Amino acid sequence: MTIDVKKSDAGIIQTLDKKWWHDAVIYQIYPRSFMDANNDGMGDLAGIISKLDYLKELGINVIWLSPVFKSPMDDNGYDISDYQDIASEFGSLEEVDKLIAEAAKRDIRIIMDLVINHSSDEHPWFIESRKSKDSPYRDYYIWRKPQSDGLPPNDFHSYFGGSGWEFDEATGEYYFHQFSKKQPDLNWENPKVQEEVHRMMNWWLDRGISGFRMDVIDLIGKDVDKQIMTNGPHLHTLLQEMNKATFVGRDLLTVGEAWSATPEIAKLYSDPTRDELSMVFQFEHITITFDPEQGKWKPRPFDLVEFKQVISKWQTELGDCGWNSLFWNNHDLPRAVSKYGDPGRYRVQSAKMLATAMHFLKGTPYIYQGEEIGMTNVQFDAIEDYQDIETLNLYQERTAAGVSHEAMMQGIYENGRDNARTPMQWNNTLNAGFSEGHPWLKLNPNYPEINVESALDDPNSIFYHYQKLIQLRKNHQVIVYGDYQPLFAEHEKVFAYQRQLGNKRVVVINNFSAEPLELTLPISLQGLKGQCLISNYAARKQLSESLTLAPYESFALLIKQC
Ligand code: GLC
Ligand code: CA
């Protein structure tokens, strides 16, 4: 099926292939924190199945399942020791089949998290690889001799702290790992690795999944000796080969995690004529809040003007070629309402505002579990209460290097990954209804107030706001395919834009501040009347010369045009 997209400026009619994931909304589940069915303190597949009706009610179309594969859980499953089996704490292959089937009954598809830049050091390939230099699996990983003084081949620093090279006594060489030393990088220059992974991907696709979220995919084309890690020379060839070997003839959604993507690079991945991926997650709107040197552990204040420049750039550059993914948070990022809104007095209003601001953009929106009820960041007093390997390693490394405990804790409170990983808050009973056992990570103490049950009982809750946004995307092509134009680009507190498709136009206005604001409208907007598609205060039906926006007020107006 194709859609005619009328270019308003030049009057050209452009034809775009319609894809099922263009108007879909995706919900990310972090299985260990979602729902624990057997009360061992850890979420599981049976727990997810028990909550499918809830997700159906929300209206999402796809579940992105964070890894459930067999794993020693050094990085909560992003370290896989068997790609074709399931971690016993999560369940079994039969339960994945059941999840796929039960989800399908509710028109929900499943995409799996493909972690193929590295495996676990407990994967049989690595166990064999480290045994001897002659092992047929040696070249599945990246081994190098020590320098003459015994030091590692270079000073590459792992993202999880320490050297990216680990010395292995058995053969007297170093292996390469960009994450923990229990996550050795696979050698993608070896055609056998490519074949094995393609075979495994086909095996999963044949089981009925609808695609993959591809972990740190921008790292697989690396040239370790030249220290080119992101966007390496082999990246796009590898993806095109993968596409030929696995995706062809199937109608999939594939989304690559690409921290290093610029719009130009994102087009390489997602231009449909290049046969690589459906889209990538880019992180430029996230990293603007990180310190250029110290990264996320030294947060910078959120600058709305800079944020708008980034979003507008991506919206414009991928407007006609490629496709955007839209998200505020995921399992690695802080909770949106804490980071960009107000987790206190205006929690509900600001969470709704953030949702509207993101969901009216062009691209495919992703919701991270708990976002739909406005879950917030957490602050544990003791570092021991944190579980995340990155948080714990970097706390050690940085405090040893002289950063104060207080400064590091501030960084963790603001950007640590466990913010997103506290158990899902289902109700106000023991452990928020997540588990009757001892939860693997402490809960956010605000669960008696913030939980699914109370959200479902309140017609004005954040939950129903998301439900409406998902539905609007289905009902209005302008939200899916309309051109994007920024409004008030220089305003420090307002994020506004319009979308246009043929004679359909939507104006979206969001107050990113806790103060009421007077906004004088440009002539082009004055006097416009329309249908209020969604709002977080009383519905607005027309735009006069000026508007007084309430704290975090947000609305979208579908303009009537003659
Ligand atoms: C990705 C994942 C993150 C993981 C890392 C290593 O960034 O999202 O959770 O730790 O890759 O696999
Ligand atoms: Ca369990």
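Residues numbered from 1 in each chain as written. Chains lettered and ligands numbered in written order. Predicted model: local features only at pLDDT ≥ 70, side-chain atom pairs only at ≥ 80, totals over all residues. Heavy atoms only, no water.

Once that is clear, we can look at the packing of aromatic side chains. Evaluation of the coordinates by the stated rule reveals 41 aromatic pairs. Seen in terms of ring centroids, Phe 307 and Phe 512 are 6.4 Å apart; in terms of plane orientation they differ by 45°. Their pairing is tilted. Taken together, the positions of Phe 307 in helix H9 (residues 304-317) and Phe 512 in the loop between strand E20 (504-511) and strand E21 (517-520) put the pair 205 residues apart, joining distant regions of the chain. With centroids separated by 5.2 Å and ring planes inclined at 50°, the aromatic side chains of Phe 495 and Tyr 497 adopt a geometry described as tilted. Taking the relative accessible area as the measure of exposure, Phe 495 reaches 1% and is therefore buried. In this structure, Arg 32 packs its charged tip against the face of Trp 440, placed 4.7 Å from the ring centre. Seen from the ring of Trp 143, Arg 138 lies directly overhead, with NZ or CZ sitting 3.8 Å from the centre. (Phe/Tyr/Trp six-rings, centres within 6.5 Å; stacked < 30°, edge-to-face > 60°. Helix = DSSP H or I, 4+ residues; strand = E, 2+ residues; numbered from the N terminus. Buried < 20%, exposed > 50% of the residue type's maximum accessible area, 1.4 Å probe, protein only. Lys NZ or Arg CZ within 6 Å of the ring centre and 35° of its normal.)

Parsing the chain into structural domains produces domain 1 (22-113 + 365-391 + 418-475), domain 2 (124-176), domain 3 (191-301 + 312-319) and domain 4 (476-560). The C-alpha-based centres of domain 1 and domain 3 are spaced at 24 Å. Counting residues at the interface gives 20 residues for domain 1 and 19 residues for domain 3. Surface buried jointly by domain 1 and domain 3 totals about 1800 Å² across both partners, of which 63% is contributed by carbon and sulfur atoms. The largest per-residue losses of area from domain 1 upon contact with domain 3 belong to Gln 84, Met 112 and Tyr 366, which jointly make up 30% of the total buried on that side. (Domains from an automatic or database assignment. Contact = heavy atoms within 4.5 Å. Buried area = accessible area lost by both parts, 1.4 Å probe.)

Sheet architecture is open: five strands sit in the order E18-E19-E20-E24-E22, paired in antiparallel fashion. The outermost strands of the open sheet, each flanked by one partner alone, are strand E18 (483-487) and strand E22 (530-535). Across the sheet, the mean angle separating the axes of adjacent strands is 20° when strand polarity is ignored. Where E18 lies against strand E19 (residues 494-501), five bridges are found, and the strand directions are antiparallel. (Pairing = 2+ DSSP bridges. Axes fitted to C-alpha atoms, helices over the stretch in contact; angles between N-to-C directions.)

This paragraph deals with the site of ligand 1. Asp 75, Asp 215, Glu 257, His 331 and Asp 332 are the nearest of the 14 residues found near ligand 1. Here an oxygen atom of ligand 1 sits 2.5 Å away from a polar atom, N or O, in the side chain of Asp 75. Side-chain polar atom of His 331 to an oxygen atom of ligand 1: 2.9 Å apart, as the coordinates give it. Starting from 300 Å² of accessible surface for ligand 1 in isolation, the protein chains cover 97%. Its residues assigned to classes, the shell around ligand 1 comprises four nonpolar, three polar and seven charged. Two domains share the shell around ligand 1, each providing at least three of its residues, namely domain 1 (22-113 + 365-391 + 418-475) and domain 3 (191-301 + 312-319). (Near = heavy atom within 4 Å. Polar contact = N/O pair within 3.5 Å; in protein donor to acceptor, adjacent residues only side chain to side chain. Areas by Shrake-Rupley, 256 points an atom, 1.4 Å probe, with all protein chains shown as cover. Nonpolar A, V, L, I, M, F, W, Y, C, P; charged D, E, K, R; others polar.)

A separate point is helix H12 (residues 389-400). The terminal C-alpha atoms of H12 lie 16 Å apart, and with twelve residues this matches the ideal 16 Å at 1.5 Å per residue to within 8%. Among all positions in H12, only Ile 389, Glu 390, Thr 391, Leu 394, Tyr 395 and Arg 398 are buried. Of the surrounding elements, those touching the buried residues of H12 are strand E15 (295-299) and helix H13 (405-415). Directly after H12, the chain includes Gly 402, whose backbone phi takes a positive value near 110°. (Expected span 1.5 Å × (residues − 1).)

A few words now on the sheet that holds strand E9 (residues 165-168). On the basis of which strands lie adjacent, the open sheet formed by three strands has the order E8-E10-E9 and antiparallel pairing. This sheet does not close on itself; its edge strands, each paired only once, are strand E8 (143-144) and E9. As paired strands, E9 and strand E10 (residues 173-176) are joined by four bridges and run antiparallel to one another. Each residue of the ladder has a partner; that of Trp 165, found in E10, is Phe 176.

The tally for this structure, following the rule as stated, stands at 37 salt bridges. The partner of Asp 85 in a salt bridge is Lys 70, with the nearest N and O atoms 3.9 Å apart. Here Asp 85 is found in strand E6 (residues 82-86), whereas its partner Lys 70 is found in strand E5 (residues 69-70), with 15 residues between them in sequence. On the basis of relative accessibility, which here comes to 31%, the residue Lys 70 falls in the partly exposed class. Here Arg 130 ties to Asp 168 by a salt bridge, and the two come within 2.9 Å at their closest N and O atoms. Residue Arg 130 is found in the loop between helix H4 (124-129) and E8, and its partner Asp 168 is found in strand E9; the two are separated by 38 residues along the sequence. When its relative accessible area of 24% is taken as the criterion, Arg 130 is described as partly exposed. For Asp 168, a relative accessible area of 9% translates into the label buried. Here the salt bridges do not stand alone but share partners, grouping Asp 75, Lys 296, Asp 332, Asp 388, Glu 390, Arg 417 and Arg 421 into one network. (Salt bridge = Lys/Arg side-chain N within 4 Å of Asp/Glu carboxyl O.)

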